[in-house]
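Now for the letters of each chain:
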Amino acid sequence: MAKPVNLPDYSPCSCCPPIHAFSRRHFLWGLMASGLLAGFPSMDNSPVLKNLFQAQALVLSCIDFRFLNYQRSFLNEQNLDQAYDWVALAGASLALTGFPNPAEAETFWDQLALSKQLHNINRVIIFDHQDCGAYAKVRAQPFGDRQAEENFHAGYLHQAEAQIRERYPDLIVELYFVDLTGQVKVIASLA
């Protein structure tokens, strides 16, 4: 990162007071602040400002990078317009069982509480996925087929859904399973 250059004071003539030069950063901050103030509606009960800090959902996914683009594309198709908070924990729904340790579940609950409090979310979206390394730790033998793997995940997804509904009955919970080709399948809710 380049260091800012301090410009010397400039005086157009000996009778005028010096003009203090300031950095480009200060100029841009001032420009941005004045633009924000001029462009913002009044602060009193503006619907624009009320929605400024409102997200539509909290998304829980696995940390597996292979599925991020699929999940983001799916969320865009759902018209969420990136208005969601995102938590990534190994195993996604499996993390709510305390895998690989209880801190994972605590982290999720802390993030969910903050997302609800700060961004007024109204739903939780959980993505589990095929070929998950975290799930391989709790089920040693390989799955017979994709459907068997999806059914195994569905059990944990439903368990996560029940826990969320118990703590936050007002939230909508959506469950999904993503396969290796990027197909996102809805897992039917228990409710």
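Our structure's up above, just so we're on the same page.
Residues numbered from 1 in each chain as written. Predicted model: local features only at pLDDT ≥ 70, side-chain atom pairs only at ≥ 80, totals over all residues. Heavy atoms only, no water.

Observations concerning the overall build of the protein
No. 1: When its secondary structure is counted, the protein shows 6 helices and 5 strands.
No. 2: Taken across its 191 residues, the protein has 35% of its residues classed as buried.
No. 3: Only carbon and sulfur atoms are counted for the fraction: they give 58% of the accessible area of the protein, which is about 12,000 Å². (Helix = DSSP H or I, 4+ residues; strand = E, 2+ residues; numbered from the N terminus. Buried < 20%, exposed > 50% of the residue type's maximum accessible area, 1.4 Å probe, protein only. Areas by Shrake-Rupley, 256 points an atom, 1.4 Å probe, with all protein chains shown as cover.)

Side note on the state of the cysteines
No. 1: Counted according to the given criterion, the structure contains 0 disulfides.
No. 2: For Cys-62, which is in no disulfide, the shortest distance to another cysteine sulfur is to Cys-132 and amounts to 4.0 Å. (Disulfide = S-S within 2.5 Å.)

Brief notes about helix 3 (residues 68–77)
No. 1: For helix 3, the set of buried residues is Gln-71, Phe-74 and Leu-75. Taken around the axis of helix 3, the buried residues stretch over an arc of 100 degrees, which confines them to a single face. Facing away from the buried side of helix 3 by more than 90 degrees, the exposed set consists of Asn-69 and Glu-77.
No. 2: In the core, the buried residues of helix 3 are packed alongside strand 1 (57–61), strand 2 (84–88), strand 3 (123–129), strand 4 (172–178) and strand 5 (184–187).
No. 3: Positioned one or two residues after helix 3, Asn-79 has a phi angle of 60 degrees, which is positive. (Arc of directions from axis to C-beta. Contact = heavy atoms within 4.5 Å.)

Some words on the nonpolar core
The nonpolar side chains of soluble globular proteins are, as a tendency, buried together.
No. 1: Ranked by size, the top nonpolar core spans 32 residues in total, and within it Leu-60, Phe-108, Trp-109, Leu-112, Ile-126 and Ile-164 carry the most contacts.
No. 2: At the level of secondary structure, the elements contributing two or more residues to this core comprise strand 1, helix 4 (102–119), strand 3, helix 5 (133–138), helix 6 (146–167) and strand 4.
No. 3: For this core, the element with the highest residue contribution is helix 6, accounting for 5 residues.
No. 4: Apart from residues no more than four positions distant in its own chain, Trp-109 is found in contact with Leu-96, Gln-163, Ile-164, Arg-167 and Tyr-168. (Core = buried A, V, L, I, M, F, W, Y, C linked by side-chain atoms within 4.5 Å.)

Some thoughts on the pairing of strand 4
No. 1: Among the 7 residues of strand 4, 6 are classified as buried, and the element is accordingly described as predominantly covered.
No. 2: As paired elements, strand 3 and strand 4 share 7 bridges and run parallel to each other. Bridge pairing in strand 4 places Asp-128 opposite Phe-177.
No. 3: Of the pairings in the sheet, the one linking strand 4 to strand 5 comprises 4 bridges and is antiparallel in character. In the sheet register, Tyr-176 faces strand 5, and the bridge partner there is Val-186. (Pairing = 2+ DSSP bridges.)

Points about the environment of Gln-163
No. 1: Here Gln-163 shows up in helix 6.
No. 2: Assessed through its relative accessible area of 23%, Gln-163 is described here as partly exposed.
No. 3: When the C-alpha atoms of Gln-163 and Leu-96 are compared, they prove to be 8.5 Å apart, with 67 residues separating the residues in sequence.
No. 4: Residues within four places of Gln-163 in sequence aside, it is in contact with Leu-96 and Trp-109.

Focus: the environment of Phe-177
No. 1: Mapping Phe-177 onto the fold places it in strand 4.
No. 2: C-alpha separation for the pair Phe-177 and Glu-149, spaced 28 residues apart in sequence, amounts to 9.8 Å.
No. 3: Setting aside anything within four residues of it in sequence, one finds Phe-177 in contact with Asp-128, His-129, Gln-130, Arg-146, Glu-149, Glu-150, His-153, Gln-183, Val-184, Lys-185 and Ile-187.

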